[in-house]
Amino acid sequence: MTDVDFERVCGVGDLPDPGKQVFELGERYVVVFHVAGSFYAIDDVCTHDGGPLGEGFLEGFTIACPRHGAKFDIRDGRVLCMPAVCGTPSHEVKVENGEVFVKIIERPKKKYVWG
Ligand code: FES
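Remember, predicted model here, so these are calculated numbers, not experimental data.

(A) How the structure looks around the overall build of the protein. Assigned secondary structure in the protein consists of zero helices and ten strands. Along the protein, from the amino end to the carboxyl end, the secondary structure elements read β-β-β-β-β-β-β-β-β-β. Within the protein, buried positions represent 30% of all 115 residues. For the protein, contacts bridging at least 24 residues in sequence account for 41% of all contacts bridging at least 6.

(B) Focus on the nonpolar core. Counting residues in hydrophobic clusters, the biggest one holds 21 residues, and the most contacted among them are Val 32 and Ile 42. Within the residue set of this core, elements represented by two or more residues are strand S3 (28-35), strand S4 (38-43) and strand S10 (99-103). Looking at which element gives the most residues to this core, the answer is S3, with five residues.

(C) How the structure looks around the environment of Ile 63. With respect to the element layout, Ile 63 can be found in strand S6 (residues 62-64). Residue Ile 63 is classed as buried on the basis of its 28 C-beta neighbours within 10 Å. The sequence separation of Ile 63 and Asp 73 amounts to ten residues, and the corresponding C-alpha distance is 6.6 Å. Those residues in contact with Ile 63 that lie beyond four places of it in its chain are Leu 53, Gly 56, Leu 58, Lys 71, Phe 72 and Ile 74.

(D) Main features of unusual backbone geometry. In this structure, Pro 18 follows Asp 17 across a cis peptide bond, with omega equal to 5°. Counting through the fold element by element, Pro 18 comes out in the loop between strand S1 (7-11) and strand S2 (19-25). In this structure, Pro 83 follows Met 82 across a cis peptide bond, with omega equal to 10°. Residue placement: Pro 83 occurs in the loop between strand S8 (79-81) and strand S9 (90-96). The backbone of Ala 36 sits at a positive phi, close to 50°, despite the residue not being glycine. Examined against the element boundaries, Ala 36 turns out to sit in the loop between S3 and S4. One non-glycine residue, Asn 97, lies in positive phi territory at about 50°. Turning to its location among the elements, Asn 97 is positioned in the loop between S9 and S10.

(E) Region of interest: the sheet that holds strand S5 (residues 57-59). Strand order in the open sheet formed by four strands is S5-S6-S7-S8, with antiparallel pairing between adjacent strands. The open sheet has two edge strands with one neighbour each: S5 and S8. Taking each pair of neighbouring strands and ignoring which way they run, the sheet shows an average axis angle of 30°. One ladder, built from two bridges, connects strand S7 (residues 71-73) with S8; its direction is antiparallel. In the strand pairing of S8, Lys 71 is matched with Cys 81.

Conventions used here
Residues numbered from 1 in each chain as written. Predicted model: local features only at pLDDT ≥ 70, side-chain atom pairs only at ≥ 80, totals over all residues. Helix = DSSP H or I, 4+ residues; strand = E, 2+ residues; numbered from the N terminus. Buried ≥ 20, exposed ≤ 12 C-beta atoms within 10 Å, placed from the backbone. Contact = placed C-beta atoms within 7 Å. Core = buried A, V, L, I, M, F, W, Y, C linked by C-beta atoms within 7 Å. Pairing = 2+ DSSP bridges. Axes fitted to C-alpha atoms, helices over the stretch in contact; angles between N-to-C directions.

So, in structure tokens, the structure goes:
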């Protein structure tokens, strides 16, 4: 891993805690979350039917898809309840000098796996 792969998305003070915002990174949209003093990033895509997770309801470390209610853990993208049956990709986040950076992690798609 190199620091070159990290892309700045916002300043620490730009996102309330708790809060979330969608950013375009390359060819994908990523939701960055600020919860309990830490930052997390997952794809802005529900694995059930492509719902926009960034428009979902955030409660603690859980985001609920606004379309049919599947829930995901924002810390690692694992699925927590139906109708989605597999997790959505999570990405690396780091904070330096008051700025938030995200590194896209490419992972093979999982099928019908909880988590
Ligand atoms: S698209 Fe997210 S639960 Fe259906």
